[in-house]
Amino acid sequence: MNKQALQSIASLLIRRVFKWVILCVVCISSLQAWLNYRAIEENFEMTVNDVAHAHLPLLSVAIWDIEAQTIQKQISLMLKNPSIAYVSIKASTGQQFTGGNINHLSGGQHMVFDIPAPADARMSIGKVEFVVDKTVLRKELLRSFVIVIIEVVVLSVFIFVAVVAILRQDLERPMRELADFVKNLQANQLSSKLELRRKPGNGYNEIDLVVDGFHTMQDSLQKHIANQDALVAERTSQLEAAMKSLKQLSITDSLTACYNRLLFNERMPAEIQRAARYQRHLSLVFCDIDFFKKVNDEYGHAIGDHVLLAFAQSLAKELRVDVDWVVRYGGEEFILVLPETNLHAAWEVAERIRQQVAQHLYIRMQDGNILRVTASFGVAELQVTDTMESLVQRADEWLYFAKSHGRNQVQPIVDSTT
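As the structure is a computational prediction, the values presented were derived from the model and not from experiment. Think of each chain on its own: its residues are numbered from 1, step by step along the sequence as written. Reporting of local features is limited, given that this is a predicted model, to residues whose pLDDT is at least 70; pairs of side-chain atoms are given and counted only at 80 or more, and all residues count toward the totals for whole chains, interfaces and linings. Excluded from the side-chain calculation are hydrogens and water; included are all heavy atoms of the structure.

Asks: Explain the sheet that holds strand β11 (residues 410-411) to me, and be specific about the residues and the numbers.
Replies: Here a strand pair is declared whenever DSSP counts at least two bridges between the two strands. Working definition: helices are DSSP H or I runs of at least four residues, strands are E runs of at least two. Numbering for both runs from the N terminus. Strand order across the open sheet formed by five strands is β6-β7-β5-β10-β11, with mixed pairing between neighbours. Each of the sheet's edge strands pairs with one partner strand only, and the pair in question is β6 (325-330) and β11. Inspection of the sheet shows strand β5 (residues 282-289) paired to strand β7 (residues 333-339) by seven bridges, in the antiparallel sense. Residue pairing in the sheet places Val-285 in a bridge with Leu-336 of β7.

Asks: Quick rundown of the pattern of salt bridges? Include the residues and the values.
Replies: Each salt bridge in this description consists of a side-chain nitrogen of Lys or Arg and a carboxyl oxygen of Asp or Glu lying within 4 Å of one another. Summed over all chains, the structure comprises 12 salt bridges. When the shortest N-O distance is used, the salt bridge between Glu-271 and Arg-267 registers 4.0 Å. Of this pair, Glu-271 and Arg-267 both sit in helix α6 (residues 261-278), four residues apart, roughly one helical turn. In this structure, Arg-354 engages Glu-351 in a salt bridge whose closest nitrogen and oxygen atoms are separated by 2.7 Å.

Asks: Tell me about the packing of aromatic side chains, residues and numbers included.
Replies: Aromatic ring pairs: the centre-centre distance and the angle between the two ring planes describe each pair. Classification of ring pairs rests on two measures: the distance between centres of Phe, Tyr or Trp rings, Trp counted by its six-membered ring, which must be within 6.5 Å, and the angle between planes, read as stacked under 30 degrees, edge-to-face over 60 and tilted in between. Following the criterion strictly, the structure yields six aromatic pairs and no others. Seen in terms of ring centroids, Phe-264 and Tyr-329 are 5.7 Å apart; in terms of plane orientation they differ by 90°. Their pairing is edge-to-face. With Phe-264 in helix α6 and Tyr-329 in strand β6, this pair connects stretches of sequence that are 65 residues apart. Each member of the pair, Phe-264 as well as Tyr-329, carries the same accessibility label: buried. Per-residue accessibility, obtained with a 1.4 Å probe over protein chains only, is compared with the maximum for each type, and a residue is labelled buried under 20%, exposed over 50%, and partly exposed between these values.

Asks: So what's going on with the nonpolar core? Which residues, and what values?
Replies: The biggest cluster of nonpolar side chains holds 34 residues, and the ones touching the most others in it are Val-285, Val-307, Phe-311, Phe-334 and Leu-336. Put simply, the parts of the chain that give this core at least two residues each are β5, α7 (292-299), α8 (301-317), β7, α9 (343-360) and β10 (375-381). With seven residues, α8 is the single largest residue contributor to this core. We call two residues in contact whenever any of their non-hydrogen atoms come within 4.5 Å of each other. Val-285 has contacts with Phe-334, Ile-335, Leu-336, Leu-338, Ala-346, Ala-350, Phe-377, Gly-378 and Val-379, leaving out every residue within four places of it along the chain. Only buried residues count toward a nonpolar core. Its members are Ala, Val, Leu, Ile, Met, Phe, Trp, Tyr and Cys residues joined through side-chain atoms within 4.5 Å.

Asks: Run through unusual backbone geometry, naming residues and quoting values.
Replies: Residue Pro-412 is bonded to the preceding Gln-411 through a cis peptide linkage, with omega at 0°. If you check the backbone angles, Asp-322 has positive phi at about 65° while not being a glycine. Positionally, Asp-322 belongs in the loop between α8 and β6. The phi dihedral of Arg-407 falls on the positive side, at around 65°, and the residue is not glycine.

Asks: An account of a nonpolar patch on the surface is requested, with residue identities and associated values reported.
Replies: A patch is a set of surface residues, each over 30% in relative accessible area and not in a salt bridge, joined within 9 Å for like charges and within 5 Å for the nonpolar side chains Val, Leu, Ile, Met, Phe, Trp and Tyr. Where accessible areas are quoted, they stem from the Shrake-Rupley method and a 1.4 Å probe; at the residue level, only the protein chains shown are allowed to cover. A cluster of nonpolar residues, Leu-239, Met-243, Leu-246 and Leu-249, forms a patch on the protein surface that exposes about 450 Å² of accessible area. Its place among the elements puts Leu-246 in helix α5 (residues 206-251).

Asks: Explain the sheet that holds strand β4 (residues 124-132) residue by residue, including any values.
Replies: With respect to topology, four strands assemble into an open sheet ordered β2-β1-β4-β3, the strand pairing being antiparallel. Each having just a single partner strand, β2 (96-100) and β3 (109-116) make up the two edges of the open sheet. Across the sheet, the mean angle from the axis of one strand to that of its neighbour is 15°, orientation sign disregarded. Bridge count for strand β1 (residues 84-91) against β4 is seven bridges, and the pairing is antiparallel. Paired with Ile-84 across the strands is Val-132, a residue of β4. Axis lines are fitted to C-alpha atoms, over the contacting stretch for helices. Their N-to-C directions set the angle, which ranges from 0 to 180 degrees.

Asks: Please give an account of the pairing of β4 that cites residues and values.
Replies: As paired strands, β3 and β4 are joined by eight bridges and run antiparallel to one another. By the bridge assignment, Asp-114 is partnered in β4 with Lys-127.

Asks: Describe helix α2 (residues 68-79), listing the residues and the values that go with them.
Replies: In this model, α2 (12 residues) spans 17 Å end to end at C-alpha, consistent with the 16 Å of a helix rising 1.5 Å per residue. Of all the residues in α2, the buried ones are Ile-71, Gln-74, Ile-75 and Met-78. All buried residues of α2 project into a common sector of 100° when viewed along the axis, lining one side. Turned more than 90 degrees away from the buried face of α2 sit Gln-69 and Lys-73, all of them exposed. To estimate how far a helix should extend, the number of its residues minus one is multiplied by 1.5 Å. Arc, as used here, means the arc of the directions from the helix axis to the C-beta atoms.

Asks: Run through helix α10 (residues 388-404), naming residues and quoting values.
Replies: Relative to the 24 Å expected for 17 residues at 1.5 Å per residue, α10 spans 24 Å between its end C-alpha atoms, a close match to the ideal helical length. Those residues of α10 that sit buried are Met-388, Leu-391, Val-392, Ala-395, Leu-399, Ala-402 and Lys-403. Viewed along the axis of α10, the buried residues span an arc of 115°, placing them on a single side of the element. In α10, those exposed residues whose orientation departs by more than 90 degrees from the buried face are Glu-389 and Tyr-400. Contacts made by the buried residues of α10 are with α6, β5, β6, β7, β10 and β11.

Encoded structure:
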C-alpha cells in the first residue's frame, strides 16, 4: 500500500457541501428508521406466532391426555422467549393453566390461538393466550435506531465523496471508472485488479484509499471463497451431530436410557398400522415393580433409582436387537413392545424376565440386609378392533389383575399348548 501523506479533498469542500449532506442525512435516516420500525414490529409478531405454532402440537397431546405437568412444562418453555410475559391455557373441559408475570395483563398485547385436537385439527380442544411484553419491542426499536444512526454516519461519508466528485472536475473520470468497474465485475472476475487512469500530480488522496481498500477486499474474498466449501461442510456436520444428539435426548429417559412416553405415543401408532397392514402379530407387556413406593419410602430415592436402572437392564436382556423396544411409561411402569410376537410368545418373554428379576435382582444394603425385587406383568396381543389406547388399557388391566392376585406373576396365564 502507498505510504504517501494523505491530502484530504473533503476538508477543502466541506463548507460548500455541508448543508446538502445534512439534508440527505435527515431524509435517509428518517426513511430508514420508519422502515426498521415496520420490519421489527412484523418480526416481533412473527416470533410470537412461531413460538405458538411450535408448541401447539405438544399442548394438543398434553391436553388430550390430561397431563397437567406436561402443560406447565410447555408454559415454562414458552415463557423463556423474552417477548412473552404471560401465558394462559384454557381447555375446553374448563381447566385453566397460567404462567408468567400477571402484571403485564393490563398493559400488554394479547394474542389468542386455538389448540387443535391431536386426531382432528379441525376440532378445537382449548385456547392459548399470550400477553406480549412491549418493553422488548421498545428495546429492539431503540437498538435499531442506534444502528440507523451508525448507518447514516457511514452513508454520509459516501455522500461526501459523491458530492466532492461532482464538484471537482478532476475527480469525475476516476469515479466513473470505479463505478463502471464495480458494476461490470462478475463473480468469476474477482481477481481482476482495479486500475484507474489518474492525472499526474494529484497526490495520494481518498480515491487511492478506495482503490487500495478494494484490492484488500478482493484478496480477502479470494481467501474466503477458497475455504468456504470446507467451512460449510464442517458446520453442516456439526449441526447434524447436534440435531441427532438433541433428538436422542428428547425421546430417551435420562435415568434408564429406555425410550420415554413421548416416543411411545409417536411410534406406537405406526407399529399398530404395520401389524394390521401385513397381518402380523404384535404384543405389549406392561411391567410394574412390586412395592416400589415402599422401596423409595424406606431406603430413599437413590436406592429407588438403582432398582429402576437394574430392572430396565433386566428387560433389555430379553429384547431382540432392532426389533423389540422398551419404554419407561411412568414411575416404575415399563412397556415392552414386541412386534412379530403372539400372546403365548409374549407371555414366555415376560415369564423369563419375571424369573430373572425374582432370582437375580437384589441389592445388598450397607447394614448387610438384602433388598430383593419382584415385578408383575400384564400381557396383551393386538386385536383387529384395537387402538393404541385399548391395547395399552388391556395390558394395564391384566397388570392390575396380577398385582391384585399376589404380584410377582404374569397375567393372563397362557396355555402352553395353544
